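What the coordinates show
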Amino acid sequence: MWWLLGSAGAGNLADGIGKVAFPLLATTITRDPVQIGALSATQFVPWLLLGTVAGALVDRVDRRRAMLLANAARAVLVLGTAVLLWSGALSIWLIYLVALLLGAAETVAESAVNAVIPAVAEGGRLEQANSRFQAAEILGQTFLGGPLGSATFALFATLPFLLSSAGFAIAAALLLGMAGSYRPRAPANPTRLRTDLADGLRWLARNPLLLRLVLVAGLISVTSELAQAQLVLYALEDLRLSEAAFGVFSFVGGLGGLAGAAAAPWLVRRTGRTSVLVGGILAGGLGFLAMGLIRHAVAAAVCFGVFAAAVVAVNVVLATARHALVPGELLGRVLGAWRTVVWGAVPVGALLGGALTRLAGHASTTFVISGLAQVALAGLTVLLVRGFTLGETVEPSRA
């Protein structure tokens, strides 16, 4: 498991550097909130177009090799961005193109790594395994990647893209340490890719609980991305932070995410997965609502940390439910369909958030609307999962 976890950590660090550096780079060209939101949206458009296909592919090929090739492709793309930036040939449209291609490679990498987790989970402890991978994601993308991306961008704009490219290359190299084959069990009668896709979608359609969880996850993406896509404008314009301070702001979110990953297994054991799911959505919404109502940078950072902790705990619950409910040979296809809905919803939220910010004149109003929408979603989730069990086992309380 540790080779995969190390690779995921390096890839997430590279991704985290890019997630801060690309928006900062875009703000040097335009401050239009719609164009900034469009950048976030562009990165996730491939999930709408390729998510289910990528899931079907990773159910046919060696998943380790798929991850290796996808990370290598991302390393080359980000290195190309650094070259274009250094030469002065970069435009907002080229940034969109790179974001689109990175998103396409990500559909393969993310589908494959999530499909491999059950095979490497120690003793079948999925909750702990998913928590570790969530911690690696938060540690790399926010705790380290955010500050490193913003600090190096302020120092020398090309540097974060060179570091991101190196991170993806290391992620690919670490996968070489994984022994064995990670090709899923082949069917007795080989089928076409189209048939494989239909089988995965048919299985998903017949599982009412998983369908409801997909709906909840998709609505979380839309409602939270309303504000998240505007985070850089919220920090730079509403809170008056510098580009370097924006990285520190993200650092606090990383602390919250790590806390959420560490606490999620314990919370699930004590209160159950359903309670953590609903409580996490509610807490995340309240965090964004508070951010929209205040203008104090430290208090806003704490609220962002609360949101990050809540959303990570929710992600642990949803990931574990998927792994527990979906057969291994169908996992790539079901994950592809899941992420097509969930990550495909991100561009919708990002573009709506940009339009809301432009209409309101500042990002704080968008955070208020996003927070209220997530609070309402927590109530809807209670209704959607009523009568179902997510397979949790709750420890008896001790006096």
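As the structure is a computational prediction, the values presented were derived from the model and not from experiment.

Given 3.6 residues per turn, any residue in an α-helix points the same way as the ones three and four places further on. The end-to-end C-alpha separation of helix H13 (residues 331–360) is 42 Å, in line with the 44 Å expected for 30 residues at 1.5 Å each. Where H13 bends most, at Arg339, the angle is about 25 degrees. Of all 30 residues making up H13, 21 are buried, and the element is well covered by its neighbours. Backbone geometry just after H13 places Gly361 at a positive phi near 95 degrees.

So, about the environment of Gly279. Mapped onto the elements of the fold, Gly279 is located in helix H11 (residues 273–293). Separated by 35 residues in sequence, Gly279 and Val314 have C-alpha atoms that sit 8.5 Å apart.

This part covers the side chain of Thr158. Along the polypeptide, Thr158 turns up in the loop between helix H5 (126–155) and helix H6 (159–174). Looking at Thr158, the relative accessible area reads 7%, which means it is buried. When sequence neighbours within four positions are dropped, the list of residues in contact with Thr158 reads Ala82, Leu85 and Trp86.

With 44 residues, the main nonpolar core has Phe161, Leu231, Tyr234, Phe249 and Met291 as its most contacted residues. Looking at which element gives the most residues to this core, the answer is helix H1 (residues 2–27), with seven residues. Sequence-distant contacts of Tyr234, defined by excluding residues within four places in its chain, comprise Leu239, Phe249, Met291, Ile294, Ala300, Ala363, Ser364 and Phe367. Grouped together as the second largest cluster of nonpolar side chains are 38 residues, Val268, Val326, Leu330 and Trp338 included.

Quick look at the packing of aromatic side chains now. Aromatic ring pairs are reported here in terms of the distance separating the ring centres and the angle at which the planes meet. Counted under the stated rule, the structure contains eight aromatic pairs. Measuring from ring centre to ring centre gives 4.0 Å for Phe288 and Phe307, while their planes differ by 15 degrees; the resulting arrangement is stacked. Highlighted residues: Phe288 in helix H11 and Phe307 in helix H12 (residues 297–325), separated in sequence by 19 residues. Relative accessible area serves as the criterion here: at 0%, Phe288 is assigned to the buried category. The positively charged end of Arg322 is found above the aromatic ring belonging to Trp338, 4.8 Å away from the centroid.

So, on to the confidence of the model for the protein chain. Overall, the predicted model of the protein chain reaches an average pLDDT of 85, with 93% of residues at or above 70. Predicted confidence is poor over residues 393–399, with pLDDT under 50, and the contacts of this stretch with residues over four places away or in other chains come to 11 contacts.

The subject of this paragraph is H1. Between its first and last C-alpha atoms H1 spans 38 Å; for 26 residues at 1.5 Å apiece the expected length is 38 Å, and the two agree. Most of H1 is tucked away: 20 of the 26 residues are buried.

Okay, the side chain of Ser364 next. Structurally, Ser364 is set in helix H14 (residues 363–385). Within the structure, Ser364 has its side chain in polar contact with the side chain of Asp238 (distance 2.6 Å). If we skip the residues at most four places from it in the chain, Ser364 touches Tyr234, Asp238, Gly292 and Arg295.

Per the stated rule, a full pass over the model turns up two salt bridges. Its salt-bridge partner being Asp15, residue Lys19 comes within 2.8 Å of it at the nearest N-O pair. With Lys19 and Asp15 both in helix H1 and four residues apart, the pair spans about one turn of that helix. A salt bridge links Arg358 to Asp32, with the shortest nitrogen-to-oxygen separation between them at 2.8 Å. Taken as a pair, Arg358 in helix H13 and Asp32 in the loop between H1 and helix H2 (33–58) lie far apart in primary sequence, 326 residues in all. Taking the relative accessible area as the measure of exposure, Arg358 reaches 49% and is therefore partly exposed.

This part is about unusual backbone geometry. Backbone geometry at Arg240 places phi at a positive 60 degrees, although glycine is not the residue there. Within the element layout of this structure, Arg240 appears in the loop between helix H9 (231–238) and helix H10 (243–271). By relative accessible area, which is 71% here, Arg240 ends up exposed.

Taken N-terminus to C-terminus, the directions of H13 and H14 make an angle of 130 degrees; their axes are 7 Å apart at the nearest point. Comparing their axes, H14 and H13 come out oblique. Here the hand of the crossing between H13 and H14 comes out right-handed. Where H13 abuts H14, its residues Gly353, Leu356, Thr357 and Ala360 lie against Ala363, Thr365, Thr366 and Ile369. Class assignment of the residues belonging to the contact of H13 with H14 gives a composition of four nonpolar, four polar and no charged.

A cluster of nonpolar side chains, contributed by Leu48, Leu49 and Leu50, occupies part of the molecular surface with about 290 Å² of accessible area. The residue Leu50 is located in helix H2 in this model.

This part is about the environment of Ala73. With respect to the element layout, Ala73 can be found in helix H3 (residues 63–87). Note on Ala73: relative accessible area 33%, which makes it partly exposed. Separated by 83 residues in the primary sequence, Ala73 and Phe156 place their C-alpha atoms 24 Å from one another.

Analysis parameters
- Residues numbered from 1 in each chain as written.
- Predicted model: local features only at pLDDT ≥ 70, side-chain atom pairs only at ≥ 80, totals over all residues.
- Heavy atoms only, no water.
- Helix = DSSP H or I, 4+ residues; strand = E, 2+ residues; numbered from the N terminus.
- Expected span 1.5 Å × (residues − 1).
- Bend = angle between axes of the 7 residues up to and from the residue.
- Buried < 20%, exposed > 50% of the residue type's maximum accessible area, 1.4 Å probe, protein only.
- Contact = heavy atoms within 4.5 Å.
- Core = buried A, V, L, I, M, F, W, Y, C linked by side-chain atoms within 4.5 Å.
- Phe/Tyr/Trp six-rings, centres within 6.5 Å; stacked < 30°, edge-to-face > 60°.
- Lys NZ or Arg CZ within 6 Å of the ring centre and 35° of its normal.
- pLDDT = per-residue confidence, 0-100.
- Polar contact = N/O pair within 3.5 Å; in protein donor to acceptor, adjacent residues only side chain to side chain.
- Salt bridge = Lys/Arg side-chain N within 4 Å of Asp/Glu carboxyl O.
- Axes fitted to C-alpha atoms, helices over the stretch in contact; angles between N-to-C directions.
- Parallel < 35°, antiparallel > 145°, perpendicular 65-115°, else oblique.
- Left-handed = near helix turned anticlockwise from the far one by under 90°.
- Nonpolar A, V, L, I, M, F, W, Y, C, P; charged D, E, K, R; others polar.
- Patch = residues over 30% accessible without salt bridge, like charges linked within 9 Å, V, L, I, M, F, W, Y side chains within 5 Å.
- Areas by Shrake-Rupley, 256 points an atom, 1.4 Å probe, with all protein chains shown as cover.

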